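Close look at the chain arrangement
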Amino acid sequence: MRYLFTGSRYSRTVEDTKAKLREELQNADNIVLSSEYLFSMRDRHIAALKDILTECGVDEILICLYVREPAAYYASIVQEACKGTGPFPQPDSFRYPIKDVIERWSAHFDGQVAVRGFHRDLLANGDVFTDFVTFSSQHFGVTKPAIEPLSENQSISIEALMLLDRYRARFHPTQASTVTRDIDVLVGHLQKLGAASYTKVALKPNVSDLIYANHEPALTWLKDRFGIDFTRSQVRAPDPLKTPLDMEDIFVTSTQSEPSSLVLDLVHRLVAEARG
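As a starting point, this report considers the structure included with it. Just so it is clear, the structure is predicted and the values come from calculations on it, not from any experiment.

Secondary structure assignment for the protein yields 11 helices and two strands. When its helices and strands are written in sequence order, the protein yields α-α-α-β-α-α-β-α-α-α-α-α-α. Considering only C-alpha atoms, the protein reaches an extent of 60 × 50 × 40 Å along its principal axes. A total of 276 residues make up the protein; the buried ones form 37% of that total. Long-range pairs, those at least 24 residues apart, make up 75% of the contacts in the protein between residues at least 6 apart in sequence.

Attention now moves to helix α3 (residues 43–55). With 13 residues, α3 extends 18 Å between its outermost C-alpha atoms, agreeing within 8% with the 18 Å of an ideal straight helix rising 1.5 Å per residue. Residues I46, L49, I52 and L53 constitute the buried set of α3. An end-on view of α3 places all buried positions within 120° of arc, on one side of the element. Across α3 from its buried face, at more than 90 degrees, point the exposed residues R44, D51 and T54. Residues of α3 that are buried in the fold lie against α1 (7–27), α2 (36–39) and α5 (98–108).

Criteria and thresholds
- Residue indices follow the written sequence of each chain, beginning from 1 at its first position.
- Reporting in this predicted model follows two pLDDT cut-offs: at least 70 for local features of residues, and 80 or more for side-chain atom pairs to be given and counted; totals over whole chains, interfaces and linings ignore these cut-offs and use all residues.
- By convention in this description, side-chain values take in all heavy atoms of the structure and omit both hydrogens and water.
- Helix and strand labels come from DSSP, where a helix needs a run of H or I of at least four residues and a strand needs a run of E of at least two; each type is numbered from the N terminus.
- Relative accessibility decides the category of a residue: with a 1.4 Å probe and only protein chains considered, values under 20% of the type maximum give buried, values over 50% give exposed, and everything between is partly exposed.
- Only heavy atoms matter for contacts: two residues are in contact if any of them lie within 4.5 Å across the pair.
- Helices are assigned an expected span. That span is 1.5 Å times one less than the residue count.
- As used here, the arc is the angular range of directions from the helix axis to the C-beta atoms.

Structure (structure tokens):
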């Protein structure tokens, strides 16, 4: 909200949101609060949320935290940044605070925190939405509702990612942190193509090794504490990186996946027409 509203408008929006949350909590038999922003909430905000839940008489609570393998999460962050969601962190400064977040929530909701591995092999039917509904239904002893799988935030191939990166640099060089309408249309088409028929996005080994080395103690703790194993059996000492790195320095690419100027101009014309 701080990015959208300023001054008194921000304060009013916060209070209106709190009032709406209290109303929902008091009128509903069951409620799900879901957001990536909840994962990294500060300590005082977690305490404030607990106070609201207690005030509204919510006495059965499950905090379900989904954690990702750090290198895979970093790759996802860079891909999202190429769509215009903001600058991505450099791999040497990237930190995914798995242990800190789990301990922070556990300090306020002792015995009410479940940690799940966000990986296709660890999720029910390989889907996080299905996994959450299944796990939470079992936890509360209720009948699992019938659900339809969702397809959101689909991965794209390295060819598609390079096309997107070059497209933005050519047509929106001053809007690196903005999702423009034509880019939104382009991303939709690239996601429909899927990644299975093209080259899967993969971090370069030195980037992946550095991120793992920076998170190895937390991943060892995660394995010992919750049985979620993102550790690697053999890891060589990571090579030093000269930052800042561009997308092609981070991912494994090839000259075959480099789009031509003609292709970029053609794509721009097509998505601009679709934009209306």
